[in-house]
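A closer look at the structure
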Amino acid sequence: MRPSYILTSAAILLATLSVSAESQAPMAATQLTYADLVDLALAAPVAVHVEVRDAVRLRDERAVGVEPGRTRFYVEADVLSLIRGTQGLPAQVRYLVDLPNDARGRPPKLREESQVILLATTVPGRPGEIRLIGPEAQLSYTPQLADRLRQVLRQAAQADAPPKITGIGRAFHVPGTLPGESETQIFLETADNRPVSLTVLRRPGQAPRWAVALSEIVDNAARPPEPNTLLWYSLACNLPSTLPAESVAGIEPSHAQAIRADYRVVMEGLGPCARNRGRG
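Residues numbered from 1 in each chain as written. Predicted model: local features only at pLDDT ≥ 70, side-chain atom pairs only at ≥ 80, totals over all residues. Heavy atoms only, no water.

**So, the sheet that holds strand 8 (residues 182-190)**
Spatially, four strands are ordered 7-8-9-10 in an open sheet, and the strand pairing comes out antiparallel. At either end of the open sheet lies a strand with only one pairing partner, and these are strand 7 (165-175) and strand 10 (209-213). Each adjacent strand pair in this sheet contributes to an overall mean axis angle of 15°, direction not counted. Docked against the sheet, helix 5 (residues 253-270) engages strand 7, strand 8, strand 9 (196-202) and strand 10, running at close to 125° with respect to strand 7. (Pairing = 2+ DSSP bridges. Helix = DSSP H or I, 4+ residues; strand = E, 2+ residues; numbered from the N terminus. Axes fitted to C-alpha atoms, helices over the stretch in contact; angles between N-to-C directions. Contact = heavy atoms within 4.5 Å.)

Put into C-alpha coordinates, the structure is as follows:
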(Lines give C-alpha, C1' and ligand atoms only; values in the text may rest on other atoms or scores of the structure.)
Protein backbone atom coordinates (compact mmCIF):
# COMPACT_ATOMS: atom_id res chain seq x y z
CA MET A 1 0.00 0.00 0.00
CA ARG A 2 1.33 3.46 -0.85
CA PRO A 3 2.66 5.42 2.16
CA SER A 4 0.98 8.62 1.00
CA TYR A 5 -2.41 6.93 1.05
CA ILE A 6 -1.78 5.54 4.51
CA LEU A 7 -0.73 8.91 5.90
CA THR A 8 -3.76 10.61 4.35
CA SER A 9 -6.03 8.02 5.93
CA ALA A 10 -4.23 8.52 9.24
CA ALA A 11 -4.86 12.25 9.08
CA ILE A 12 -8.56 11.66 8.46
CA LEU A 13 -8.71 9.17 11.31
CA LEU A 14 -7.01 11.61 13.69
CA ALA A 15 -9.49 14.30 12.76
CA THR A 16 -12.54 12.14 13.36
CA LEU A 17 -11.59 10.17 16.46
CA SER A 18 -10.73 12.93 18.94
CA VAL A 19 -7.91 10.68 20.09
CA SER A 20 -7.20 10.44 23.81
CA ALA A 21 -4.18 8.12 23.49
CA GLU A 22 -5.74 5.60 25.83
CA SER A 23 -4.83 2.47 23.88
CA GLN A 24 -1.66 0.64 24.79
CA ALA A 25 0.68 -2.12 23.64
CA PRO A 26 -0.77 -5.59 23.13
CA MET A 27 -1.19 -7.19 26.53
CA ALA A 28 -0.30 -10.87 26.84
CA ALA A 29 -3.26 -13.15 27.49
CA THR A 30 -1.43 -14.70 30.45
CA GLN A 31 -1.30 -11.30 32.15
CA LEU A 32 -5.07 -10.84 32.16
CA THR A 33 -6.99 -11.71 35.28
CA TYR A 34 -10.61 -12.83 35.01
CA ALA A 35 -11.72 -9.38 36.16
CA ASP A 36 -9.55 -7.72 33.50
CA LEU A 37 -11.17 -9.81 30.80
CA VAL A 38 -14.73 -9.19 31.99
CA ASP A 39 -14.07 -5.45 32.33
CA LEU A 40 -13.04 -5.32 28.69
CA ALA A 41 -15.68 -7.73 27.38
CA LEU A 42 -18.62 -5.92 28.97
CA ALA A 43 -17.42 -2.45 27.96
CA ALA A 44 -16.68 -3.13 24.29
CA PRO A 45 -19.46 -3.16 21.68
CA VAL A 46 -16.92 -4.67 19.27
CA ALA A 47 -14.42 -7.47 19.88
CA VAL A 48 -12.49 -8.51 16.80
CA HIS A 49 -9.55 -10.75 15.93
CA VAL A 50 -7.36 -9.07 13.32
CA GLU A 51 -4.05 -9.45 11.52
CA VAL A 52 -1.93 -6.34 11.03
CA ARG A 53 -1.54 -5.43 7.36
CA ASP A 54 0.21 -2.04 7.61
CA ALA A 55 1.45 0.06 10.52
CA VAL A 56 2.80 3.58 10.11
CA ARG A 57 4.56 5.51 12.83
CA LEU A 58 3.07 8.99 13.19
CA ARG A 59 5.49 11.87 13.64
CA ASP A 60 5.29 14.02 16.74
CA GLU A 61 3.25 16.77 15.07
CA ARG A 62 0.56 14.21 14.17
CA ALA A 63 0.64 12.40 17.51
CA VAL A 64 -0.84 14.98 19.87
CA GLY A 65 -1.38 13.83 23.44
CA VAL A 66 0.84 10.76 23.38
CA GLU A 67 2.27 9.95 26.81
CA PRO A 68 6.06 10.26 27.21
CA GLY A 69 7.84 7.03 26.34
CA ARG A 70 5.28 5.94 23.76
CA THR A 71 4.91 6.12 19.99
CA ARG A 72 1.64 6.35 18.09
CA PHE A 73 0.90 4.14 15.10
CA TYR A 74 -1.79 4.22 12.49
CA VAL A 75 -2.76 0.61 11.79
CA GLU A 76 -4.68 -1.08 9.02
CA ALA A 77 -5.63 -4.67 9.74
CA ASP A 78 -7.50 -7.54 8.12
CA VAL A 79 -10.47 -8.88 10.05
CA LEU A 80 -10.05 -12.59 10.74
CA SER A 81 -13.11 -13.13 12.92
CA LEU A 82 -15.71 -11.01 14.67
CA ILE A 83 -16.05 -12.10 18.27
CA ARG A 84 -18.65 -9.50 19.19
CA GLY A 85 -20.47 -6.93 17.09
CA THR A 86 -24.14 -6.67 16.17
CA GLN A 87 -23.64 -4.76 12.91
CA GLY A 88 -20.56 -6.52 11.59
CA LEU A 89 -17.37 -5.00 10.20
CA PRO A 90 -15.83 -4.67 6.73
CA ALA A 91 -12.92 -6.90 5.75
CA GLN A 92 -10.40 -4.29 6.93
CA VAL A 93 -10.33 -1.92 9.90
CA ARG A 94 -8.26 1.12 10.78
CA TYR A 95 -7.29 2.39 14.23
CA LEU A 96 -4.67 4.22 16.28
CA VAL A 97 -2.54 2.64 18.98
CA ASP A 98 0.18 3.98 21.27
CA LEU A 99 3.00 1.52 21.91
CA PRO A 100 5.74 1.77 24.57
CA ASN A 101 9.27 2.51 23.44
CA ASP A 102 12.05 0.08 24.32
CA ALA A 103 14.47 0.42 27.23
CA ARG A 104 16.69 2.72 25.16
CA GLY A 105 13.81 4.98 24.23
CA ARG A 106 13.60 3.73 20.65
CA PRO A 107 10.18 3.39 18.97
CA PRO A 108 8.88 -0.18 18.81
CA LYS A 109 8.13 -2.12 15.66
CA LEU A 110 4.58 -3.23 14.97
CA ARG A 111 5.15 -6.19 12.71
CA GLU A 112 2.96 -7.06 9.79
CA GLU A 113 1.00 -10.31 10.11
CA SER A 114 0.99 -10.10 13.91
CA GLN A 115 -2.42 -11.04 15.30
CA VAL A 116 -4.25 -9.19 18.05
CA ILE A 117 -7.71 -8.92 19.58
CA LEU A 118 -9.18 -5.43 19.65
CA LEU A 119 -11.85 -4.27 22.11
CA ALA A 120 -13.36 -1.23 20.48
CA THR A 121 -16.23 0.94 19.37
CA THR A 122 -17.11 1.83 15.80
CA VAL A 123 -16.98 5.40 14.51
CA PRO A 124 -20.40 6.62 13.31
CA GLY A 125 -20.44 7.47 9.63
CA ARG A 126 -16.98 6.05 8.94
CA PRO A 127 -17.16 2.33 8.14
CA GLY A 128 -14.02 0.43 9.04
CA GLU A 129 -12.70 2.97 11.53
CA ILE A 130 -12.68 1.84 15.16
CA ARG A 131 -11.58 3.34 18.46
CA LEU A 132 -10.04 1.18 21.19
CA ILE A 133 -12.07 1.47 24.39
CA GLY A 134 -9.21 2.11 26.78
CA PRO A 135 -5.89 1.00 28.19
CA GLU A 136 -4.83 -2.51 27.21
CA ALA A 137 -7.72 -2.85 24.77
CA GLN A 138 -5.36 -4.37 22.21
CA LEU A 139 -4.49 -7.89 23.30
CA SER A 140 -2.01 -10.37 21.89
CA TYR A 141 -4.07 -13.10 20.22
CA THR A 142 -4.13 -16.68 21.42
CA PRO A 143 -6.87 -19.24 20.74
CA GLN A 144 -7.26 -19.65 24.50
CA LEU A 145 -7.90 -15.93 25.00
CA ALA A 146 -10.45 -15.86 22.20
CA ASP A 147 -12.28 -18.83 23.76
CA ARG A 148 -12.28 -17.18 27.22
CA LEU A 149 -13.65 -13.98 25.73
CA ARG A 150 -16.40 -15.79 23.83
CA GLN A 151 -17.38 -17.68 26.96
CA VAL A 152 -17.72 -14.48 28.99
CA LEU A 153 -19.78 -12.83 26.26
CA ARG A 154 -22.09 -15.86 25.94
CA GLN A 155 -22.71 -15.93 29.69
CA ALA A 156 -23.32 -12.19 29.81
CA ALA A 157 -25.93 -12.46 27.03
CA GLN A 158 -28.01 -15.10 28.82
CA ALA A 159 -31.33 -14.09 30.34
CA ASP A 160 -30.27 -15.31 33.78
CA ALA A 161 -26.93 -13.48 33.76
CA PRO A 162 -26.32 -11.88 37.16
CA PRO A 163 -27.22 -8.20 37.45
CA LYS A 164 -24.70 -5.45 38.03
CA ILE A 165 -24.40 -4.62 41.72
CA THR A 166 -24.74 -0.88 42.33
CA GLY A 167 -24.82 -0.71 46.12
CA ILE A 168 -25.94 -2.18 49.42
CA GLY A 169 -29.39 -1.69 50.88
CA ARG A 170 -30.65 -2.57 54.32
CA ALA A 171 -29.27 -5.38 56.46
CA PHE A 172 -30.90 -7.37 59.25
CA HIS A 173 -29.62 -9.64 62.00
CA VAL A 174 -31.59 -12.22 63.98
CA PRO A 175 -29.98 -14.01 66.96
CA GLY A 176 -30.86 -17.68 67.39
CA THR A 177 -32.11 -19.50 70.46
CA LEU A 178 -28.68 -20.97 71.21
CA PRO A 179 -25.54 -19.00 72.07
CA GLY A 180 -23.53 -18.36 68.91
CA GLU A 181 -26.51 -19.00 66.62
CA SER A 182 -27.66 -16.23 64.27
CA GLU A 183 -28.68 -15.25 60.76
CA THR A 184 -27.78 -12.09 58.87
CA GLN A 185 -29.38 -10.97 55.63
CA ILE A 186 -27.94 -8.15 53.52
CA PHE A 187 -29.94 -6.83 50.56
CA LEU A 188 -28.05 -5.55 47.53
CA GLU A 189 -29.02 -2.88 45.03
CA THR A 190 -28.82 -3.71 41.33
CA ALA A 191 -28.86 -1.77 38.07
CA ASP A 192 -32.11 -3.40 36.91
CA ASN A 193 -33.73 -3.72 40.36
CA ARG A 194 -33.53 -7.50 40.39
CA PRO A 195 -33.41 -8.94 43.91
CA VAL A 196 -30.03 -10.08 45.22
CA SER A 197 -29.25 -10.81 48.86
CA LEU A 198 -26.47 -12.25 50.98
CA THR A 199 -27.18 -14.58 53.88
CA VAL A 200 -24.75 -15.54 56.63
CA LEU A 201 -25.63 -18.36 59.02
CA ARG A 202 -23.80 -19.09 62.25
CA ARG A 203 -24.21 -22.28 64.24
CA PRO A 204 -22.47 -23.22 67.51
CA GLY A 205 -19.20 -25.03 66.89
CA GLN A 206 -19.32 -24.44 63.12
CA ALA A 207 -17.64 -22.01 60.77
CA PRO A 208 -19.97 -19.31 59.41
CA ARG A 209 -21.73 -20.26 56.16
CA TRP A 210 -22.78 -17.71 53.59
CA ALA A 211 -24.66 -17.75 50.31
CA VAL A 212 -26.06 -15.46 47.64
CA ALA A 213 -29.70 -15.54 46.48
CA LEU A 214 -30.92 -14.18 43.15
CA SER A 215 -34.61 -14.13 43.98
CA GLU A 216 -37.00 -12.86 46.64
CA ILE A 217 -36.91 -16.25 48.35
CA VAL A 218 -33.69 -17.49 49.93
CA ASP A 219 -33.12 -21.06 48.76
CA ASN A 220 -31.75 -23.39 51.42
CA ALA A 221 -29.54 -24.89 48.72
CA ALA A 222 -27.98 -21.51 47.86
CA ARG A 223 -24.19 -21.41 47.91
CA PRO A 224 -21.40 -18.88 47.45
CA PRO A 225 -20.57 -18.20 43.79
CA GLU A 226 -17.83 -20.18 42.11
CA PRO A 227 -14.63 -18.15 41.65
CA ASN A 228 -14.08 -16.62 38.21
CA THR A 229 -17.73 -16.62 37.21
CA LEU A 230 -19.89 -13.64 36.31
CA LEU A 231 -21.73 -13.85 39.64
CA TRP A 232 -18.42 -13.85 41.51
CA TYR A 233 -17.26 -10.88 39.40
CA SER A 234 -20.49 -8.98 40.03
CA LEU A 235 -20.01 -9.31 43.79
CA ALA A 236 -16.23 -9.24 44.27
CA CYS A 237 -15.65 -6.36 41.86
CA ASN A 238 -18.60 -4.16 42.81
CA LEU A 239 -19.21 -4.55 46.54
CA PRO A 240 -17.50 -2.01 48.82
CA SER A 241 -14.79 -3.33 51.12
CA THR A 242 -16.76 -2.32 54.22
CA LEU A 243 -20.47 -2.15 54.93
CA PRO A 244 -21.95 1.35 54.46
CA ALA A 245 -23.15 2.96 57.68
CA GLU A 246 -26.62 3.58 56.25
CA SER A 247 -27.18 -0.16 55.84
CA VAL A 248 -27.27 -0.57 59.64
CA ALA A 249 -28.63 2.86 60.56
CA GLY A 250 -31.06 2.65 63.48
CA ILE A 251 -30.17 -0.97 64.25
CA GLU A 252 -29.24 -2.03 67.77
CA PRO A 253 -25.45 -1.59 68.15
CA SER A 254 -24.78 -5.23 68.98
CA HIS A 255 -26.75 -6.33 65.91
CA ALA A 256 -24.96 -3.78 63.72
CA GLN A 257 -21.61 -5.09 64.94
CA ALA A 258 -22.67 -8.65 64.12
CA ILE A 259 -23.78 -7.59 60.62
CA ARG A 260 -20.41 -5.94 59.95
CA ALA A 261 -18.62 -9.09 61.10
CA ASP A 262 -20.80 -11.22 58.81
CA TYR A 263 -20.15 -8.88 55.89
CA ARG A 264 -16.43 -9.43 56.43
CA VAL A 265 -17.09 -13.16 56.19
CA VAL A 266 -18.61 -12.61 52.75
CA MET A 267 -15.78 -10.39 51.53
CA GLU A 268 -13.13 -12.81 52.75
CA GLY A 269 -15.00 -15.65 51.05
CA LEU A 270 -15.11 -13.77 47.75
CA GLY A 271 -11.46 -12.81 47.84
CA PRO A 272 -9.96 -9.81 46.02
CA CYS A 273 -11.03 -8.61 42.61
CA ALA A 274 -7.52 -8.76 41.17
CA ARG A 275 -6.67 -6.68 38.13
CA ASN A 276 -3.40 -6.32 36.18
CA ARG A 277 -4.52 -3.76 33.60
CA GLY A 278 -3.03 -0.33 34.08
CA ARG A 279 -0.12 -1.54 36.19
CA GLY A 280 3.48 -0.85 35.35
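This is not the end of the story, as more comes after the structure.
**Some words on the packing of aromatic side chains**
All chains considered together, the criterion is met by two aromatic pairs. Relative to Trp232, the ring of Tyr34 lies with its centre 6.3 Å away and its plane at 65°, an arrangement referred to as edge-to-face. On the criterion of sequence distance, the pair formed by Tyr34 in helix 2 (residues 34-43) and Trp232 in helix 4 (residues 230-236) is long-range, its members being 198 residues apart. This pair shows no difference in class: Tyr34 is buried, exactly as Trp232 is. Relative to Phe187, the ring of Phe172 lies with its centre 6.1 Å away and its plane at 75°, an arrangement referred to as edge-to-face. Within this pair, whereas Phe172 is found in strand 7, its partner Phe187 is found in strand 8, the two being separated by 15 residues in sequence. (Phe/Tyr/Trp six-rings, centres within 6.5 Å; stacked < 30°, edge-to-face > 60°. Buried < 20%, exposed > 50% of the residue type's maximum accessible area, 1.4 Å probe, protein only.)

**Quick word on the pattern of salt bridges**
One pass over the structure, following the stated rule, counts 11 salt bridges. Linking Arg94 and Glu129 is a salt bridge whose minimum nitrogen-to-oxygen distance equals 3.5 Å. Here Arg94, found in strand 3 (residues 92-100), pairs with Glu129, found in the loop between strand 4 (115-122) and strand 5 (130-132); they are 35 residues apart in sequence, far enough to count as distant. Between Arg150 and Asp147 there is a salt bridge, and its shortest N-O distance comes to 3.8 Å. Placement of both Arg150 and Asp147 in helix 3 (residues 143-157) is noted, with a separation of three residues, approximately one turn of the helix. Arg150 gets classed as partly exposed once you look at its relative accessible area, which sits at 30%. A cluster of three or more residues bridged by salt bridges with shared partners is formed by Arg94, Arg126 and Glu129. (Salt bridge = Lys/Arg side-chain N within 4 Å of Asp/Glu carboxyl O.)

**Details of the environment of Pro107**
For Pro107, the position within the fold is in the loop between strand 3 and strand 4. Residue Pro107 is classed as partly exposed on the basis of its relative accessible area of 34%. Between the C-alpha atoms of Pro107 and Thr71, which are 36 residues apart in sequence, the distance is 6.0 Å. Dropping the residues within four chain positions of it, Pro107 is found in contact with Arg57, Thr71 and Asn101.

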